[in-house]
Amino acid sequence: MKTLCVAAVQMISGESVEDNLTQAYKLLKEAAGRGAQLILLPENFAHFSDKGSFSAAEPFCANHKANADRQPIQHALQSWAAELGIWLVAGAVPLLERPDGTATEGRRSRSACLLFDDRGVLQARYDKMHLFDVDVEDSAGSYRESASIEPGDEPCVATLPWGVLGLSICFDLRFPELYRQLAMNGAEIFVVPAAFTHTTGKAHWMTLLRARAIENGCFVIAANQGGIHSEKRRTWGHSAIIDPWGEILAEAGEGEAIITATLDAGRLAKVRQQMPLLSMRRLGI
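Residues numbered from 1 in each chain as written. Predicted model: local features only at pLDDT ≥ 70, side-chain atom pairs only at ≥ 80, totals over all residues. Heavy atoms only, no water.

(A) Broad picture of the sheet that holds strand E8 (residues 157-159). Strand order in this open sheet of 6 strands is E8-E9-E10-E11-E12-E13, and the pairing throughout is mixed. Edge positions in the open sheet fall to E8 and strand E13 (248-251), since each of these has one partner strand only. Taking each pair of neighbouring strands and ignoring which way they run, the sheet shows an average axis angle of 15°. Two strands pair when backbone bridges link them, and strand E11 (residues 219-224) and strand E12 (residues 240-242) are joined in this way by 3 bridges, in the antiparallel orientation. (Pairing = 2+ DSSP bridges. Helix = DSSP H or I, 4+ residues; strand = E, 2+ residues; numbered from the N terminus. Axes fitted to C-alpha atoms, helices over the stretch in contact; angles between N-to-C directions.)

So this is what it looks like as structure tokens:
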């Protein structure tokens, strides 16, 4: 791994794709101006609705220039990455097709984390594997992501100029076996775009982030939604950047925010040398 400057962008997205994209670009431009080379947007950054994001879902643009009319979210991401000269991780984009090009079924979309390089070229796609089908003691009371989202089934790592990135989304954070597999596949940095609820975030968000960093000896970049979206939906915020020892390098509060930090390659090497957890495990997972 090589040392790099990263940023996590925290938003309070709503139902208007146009408004959300306008605000995302503003925040990305500011983050790039601070020197960030790799920037993470939160889950649902382009469309956040109590009814899910199927209405905003787009055809997947795999290996060509996205169409601004048919694929406004992907077109914007490609353009921003190229214009700002950044590697961009787009929290979760609702897509109407699976990675193999087949269509999703039953009015469900895929929630995809997309990685674009500094030319605006798509380098990786990860489809959220673990869906938020839970009961929570908050204004919503119950969440059933599977009603509008089709789960993915493949972990994803991607090689950047600075090292290997492991992709995940929100509720994945509660499944440590996914992150162990990413680490065993070479990941040195985990990204966690999220929309953790205020209730679950207050209880578990930072504990889970630090645990995933510590148990795998990896950096973690986590970008959360951070405010009131509707009468039923409030998110926790507190986006964070964490080192392999579990030290919090940067943390936001609630509301819109940009946090940045430098990921020190020497720090990663030292932690992994002193505590080589990945090679010491006994269960083979």
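(B) Main features of unusual backbone geometry. Its identity is not glycine, yet Asn44 carries a phi of approximately 60°, on the positive side. Looking at the secondary structure, you find Asn44 in the loop between strand E2 (38-40) and helix H2 (72-84). Its relative accessible area of 17% is what places Asn44 among the buried residues. For Arg107, which is not glycine, the phi dihedral falls at a positive 55°. Counting through the fold element by element, Arg107 comes out in the loop between strand E3 (87-95) and strand E4 (110-116). (Buried < 20%, exposed > 50% of the residue type's maximum accessible area, 1.4 Å probe, protein only.)

(C) Structural context of the pattern of salt bridges. Throughout the structure, instances matching the rule amount to 13 salt bridges. Measuring nitrogen to oxygen at the nearest pair gives 2.8 Å for the salt bridge that ties Arg110 to Glu150. Here Arg110, found in strand E4, pairs with Glu150, found in the loop between strand E7 (142-144) and E8; they are 40 residues apart in sequence, far enough to count as distant. The burial state of Arg110 is the same as that of Glu150; both residues are buried. (Salt bridge = Lys/Arg side-chain N within 4 Å of Asp/Glu carboxyl O.)

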